Amino acid sequence: MEPKTLLVTGFMPFGSEDRNPSWEAVDALPERIGAWKLCKLLLPVEFDRAAALAIRAAEACRADAVLSVGLAAGRTAVTPEYVGVNVRDASIPDNAGQKPAGEPIDPNGPAAFFSTLPVRAMTKAIQDAGVPAKLSYTAGTYVCNDLLYSLLKRFSGAAVRAAFVHIPLEQDLPLDRSIRALIAAIEAI
Ligand code: PCA
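Residues numbered from 1 in each chain as written. Predicted model: local features only at pLDDT ≥ 70, side-chain atom pairs only at ≥ 80, totals over all residues. Heavy atoms only, no water.

Before going further, it helps to spend a moment on the pattern of salt bridges. Oppositely charged side chains are able to pair whenever their charged atoms sit close together. Under the criterion given, the structure shown has 10 salt bridges. We note a salt bridge from R154 to E59, for which the minimum N-O separation is 2.6 Å. Linking R154 in helix α4 (residues 143-154) with E59 in helix α2 (residues 49-60), this pair joins segments that are 95 residues apart in sequence. Exposure remark for R154: the relative accessible area of 40% places this residue in the partly exposed category. (Salt bridge = Lys/Arg side-chain N within 4 Å of Asp/Glu carboxyl O. Helix = DSSP H or I, 4+ residues; strand = E, 2+ residues; numbered from the N terminus. Buried < 20%, exposed > 50% of the residue type's maximum accessible area, 1.4 Å probe, protein only.)

All right, on to the layout of surface pockets then. Counted as a void, the largest pocket has a volume near 330 Å³. Lining the largest pocket are 19 residues, with F14, L71, A72, A73 and Y142 sitting closest to its centre. Counted by class, the lining of the largest pocket contains nine nonpolar, seven polar and three charged residues. (1 Å grid on protein atoms, 1.4 Å probe; cavity = no way out; pocket = protein on both sides within 12 Å on 5 of 7 lines; lining within 4 Å. Points joined across faces, edges and corners; volume = space filled by probe spheres on them. Nonpolar A, V, L, I, M, F, W, Y, C, P; charged D, E, K, R; others polar.)

This part takes up empty space enclosed by the protein. By the definition in use, this model includes one cavity of 30 Å³ or more. Its boundaries defined by the atoms lining it, the largest cavity holds a volume of some 40 Å³. Lining of the largest cavity is provided by F11, F14, N20, V45, Y142, V143 and C144.

Around the ligand sit F11, F14, N20, V45, G70, L71, Y142, V143, C144 and H166, and that is every residue in its neighbourhood. Between N20 and the ligand, the recorded distance is 2.9 Å, taken from a side-chain N or O atom to an oxygen atom. L71 places a polar main-chain atom, nitrogen or oxygen, 2.8 Å from an oxygen atom of the ligand. In this structure the site holding the ligand corresponds to the largest cavity. The set of elements that each furnish at least two residues to the shell around the ligand consists of β4 (65-71) and α4. Broken down by class, the residue content of the shell around the ligand amounts to seven nonpolar, three polar and no charged. (Near = heavy atom within 4 Å. Polar contact = N/O pair within 3.5 Å; in protein donor to acceptor, adjacent residues only side chain to side chain. Sits in = over half its atoms within 2 Å of the grid points.)

Within the fold, S150 resides in helix α4. With residues near it in sequence (within four places) discarded, S150 still touches A51, I55 and I105. (Contact = heavy atoms within 4.5 Å.)

Turning our attention to the sheet that holds strand β1 (residues 4-11). Think of a sheet as strands paired side by side through backbone hydrogen bonds, with each pair either parallel or antiparallel. Read from one edge to the other, the open sheet built from six strands follows the order β2-β3-β1-β4-β8-β5, with strand pairing classed as mixed. Of all the strands in the sheet, just β2 (32-33) and β5 (79-80) have a single pairing partner and so form its edges. Relative to strand β3 (residues 36-43), β1 is paired through eight bridges, and the arrangement is parallel. Across the sheet, the residue bridging to K4 is W36, located in β3. On the sheet, α2 packs against β1, β3 and β4 and is oriented at approximately 150 degrees with respect to β3. (Pairing = 2+ DSSP bridges. Axes fitted to C-alpha atoms, helices over the stretch in contact; angles between N-to-C directions.)

Below, the discussion takes up the side chain of T123. For T123, the location among the structural elements is in helix α3 (residues 119-128). A relative accessible area of 5% means that T123 is categorised as buried. Separated by 2.7 Å, the side chain of T123 and the backbone oxygen of V119 make a polar contact.

Rendered as C-alpha cells:
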C-alpha cells in the first residue's frame, strides 16, 4: 500500500527562548512512521505567515494530514490540543513584532474548530509509551492556536485532517521523551 503523507511542522525560537524543542523534535523524527511518510517544515513564529506557509506546504506535498508541534513553556506533559479558537491575544510580540490584543483570526469564521485527528487516542498512545501526556482544551491565543485554527478552517470539510501537539521545555521533559511521544502519537493516527 502506498504510504500516506503527513506534514509535520515545528517552530523557530521566539520570545526569550534561544531554542525551540518543537522543531528539534520534529527534525529528529524518522522519515517513515507506521503507515506514514513524513514531510517536515520549520515555521516562523508569526501570526498569519506560519499558517500560510503550512497550508502551502500541505498542498505542495499533497499531505493527507498535518500534525503541528509547538513549545508550551510551563507545561510538564505532552499535550495534544482538542480545539483551536478564533482569537489572537498575544502577551509578547511574535517574531515579526505583531502583538494582537483580543482580535479574531477570521472576523467571519466560527468561534472554534475541533481537531480532526484522533487527539484522545494520540494522548493515550503517548501515555502508553511511558511519556506524560494530557489532553488539552486550549492551545492558547498565540501563534500556535493561530496555526491550528487556520489549518482546521482551511481543511474544514476536506479530506486533510489536522491537529496540534504542544511539548514542554527540555528542562521539564528531555527532548528524547518528546520525540518518543511524537512517534507514539503518529503511530496512533
Ligand atoms: N509555541 C508558541 C508559538 C510557537 C511555539 O513553539 C505557542 O504556543 O503559541
